[in-house]
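# What the coordinates show
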Amino acid sequence: MFALAALAGIFALAAPVTRGAVHNVTVGGPGILKYDPAFVNADPGDQVIFTFKQKNHTVTQSSLDSPCTPLEGGFDSGFVPVADDATEFPVAQFQVQDTNPVWVYCRQANHCQQGMVFAINPGDKLTTFQSNAVGNNTDASSSNSTATATSSDNADSATATGTATQSVVTVTATVTIDGTTQTTTYGSYPGSAAPTSVASQEHVIMVGQDSTLTFSPSNISAQVGDTVTFRFAAKNHTATQSSFASPCSPLSETSTSGQVGFDSGFQPVIANSSDFPSFSVKINDTAPIWVFCKQTNPASHCAAGMVFSVNAIETGPNNFAAFQAKAKATGSGSSSGSSGTNAASRATGQTAGVLVALFAALVGAMLL
């Protein structure tokens, strides 16, 4: 998931502490189909900051040999529409994991075939990558039809087995962004929320309302262009992106491909306050988003079931109830460990009591 106010998936606007250099890259602009600069050389730990300018572009990982085709398992920002009169621009970031080349393209229409590609640490292969992109004249409609057919097959397989990976299909929709109507294409998961042509909507999520360990509502469907606003009502909670596989761990700690995810940070709210801080995430595709509260004082809020999801596919195995169950299961080990610690403490206390009693008896015998 790619979010604009606070970016999800591989990207995040709520950036972690930067441990390396920052490389700024401009994506598109009025009449401009390019990344500027066309490449950067970066070290592990560096941040590449993508600033999306006018029109509707993506930052999508590909490969040297197939520059205009998404890399399986690679990152994808999703489409980011920017109005012609915009003065504020969405920003995304990618954290460099190693010095291996990373190949990127824009998957809007034929932008890649017109040379809209980018690379991190390309070495002497940049010219080859660019030439491969310009020479890739695969018909977009044929490519989309193939993708849809493949997705349908995968979706049927998933229904049959309950374990197959859902594939992304290409969807075309008309969306309204800040009063401007635009036609866009984007990736959507089978079974997830359908595209819509109505104006964007704000979904308000109350965090910790009435001193409960909950997100309310805890599971929503959101459309492209919608905004999810977390409003923190009490205590000290977070809205932190995780994954279905590791519901109580920040995505930045579990991702093997450099994904950062969003994190509101802790939002302390005094008792009886009517001033609720908020944190917003903008939706740019319909892939599921998984969220948890990372507060662990005095106990894990996530393990108590304080989790949230956007566009969870309720007809499949990775639904909200399964996600919450996995979160609660993370607390079973810690509670037994706590019990063991308490038992050890009691045993230590009992031993100390016996020693004190023996010492007292010895002193008493010496005084007789």
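Our subject is the structure listed above.
Report follows, based on the coordinates.

Conventions and cut-offs
- Residues numbered from 1 in each chain as written.
- Predicted model: local features only at pLDDT ≥ 70, side-chain atom pairs only at ≥ 80, totals over all residues.
- Heavy atoms only, no water.
- Pairing = 2+ DSSP bridges.
- Helix = DSSP H or I, 4+ residues; strand = E, 2+ residues; numbered from the N terminus.
- Buried < 20%, exposed > 50% of the residue type's maximum accessible area, 1.4 Å probe, protein only.
- Salt bridge = Lys/Arg side-chain N within 4 Å of Asp/Glu carboxyl O.
- Disulfide = S-S within 2.5 Å.

### Digging into the sheet that holds strand S14 (residues 215–216)
- Here 4 strands make up an open sheet; going across it, the order is S14-S13-S16-S20 and the pairing mixed. The open sheet has two free edges, formed respectively by S14 and strand S20 (278–282), since each of these has just one partner strand.
- Across 6 bridges, the pairing between strand S13 (residues 202–207) and strand S16 (residues 227–232) is parallel. If you follow Val 207 over to S16, its bridge partner there is Phe 232.

### Some points on the side chain of Gln 267
- Take Gln 267: it is sitting in strand S19 (residues 267–269).
- According to the relative accessible area criterion, Gln 267 is buried, its value standing at 17%.

### Describing the pattern of salt bridges
- One pass over the structure, following the stated rule, counts 3 salt bridges.
- Ionic pairing is found between Arg 107 and Asp 76, a salt bridge with its closest N-O pair at 2.7 Å. Of this pair, Arg 107 sits in the loop between strand S9 (102–105) and strand S10 (117–120) while Asp 76 sits in the loop between strand S6 (60–61) and strand S7 (80–82), and the two are 31 residues apart along the sequence.
- Given the relative accessible area of 27%, Asp 76 is considered partly exposed.

### Focus: the state of the cysteines
- Throughout the structure, instances matching the rule amount to 2 disulfides.
- At a sulfur-sulfur separation of 2.0 Å, the disulfide partner of Cys 68 is Cys 112. Its torsion about the S-S bond being -80 degrees, the disulfide of Cys 68 and Cys 112 is classed as left-handed. Of this pair, Cys 68 sits in the loop between S6 and S7 while Cys 112 sits in the loop between S9 and S10, and the two are 44 residues apart along the sequence. With respect to burial, Cys 68 and Cys 112 carry one shared label: buried.
- Cys 248 shares a disulfide with Cys 302; S-S distance 1.9 Å. Residues Cys 248 and Cys 302 share a disulfide whose torsion about the S-S bond is about -80 degrees; that sign makes it left-handed. Linking Cys 248 in the loop between strand S18 (240–241) and helix H3 (251–254) with Cys 302 in the loop between strand S21 (289–292) and strand S22 (307–310), this pair joins segments that are 54 residues apart in sequence.
- Each bonded cysteine in the chain gets a number by its place in the sequence, and the pairs come out as 1-2, 3-4.
- Looking at the unpaired Cys 106, the closest cysteine sulfur is the one in Cys 112, lying at 8.4 Å.
- For Cys 106, a relative accessible area of 1% puts it in the buried group.
- Looking at the unpaired Cys 293, the closest cysteine sulfur is the one in Cys 302, lying at 8.3 Å.

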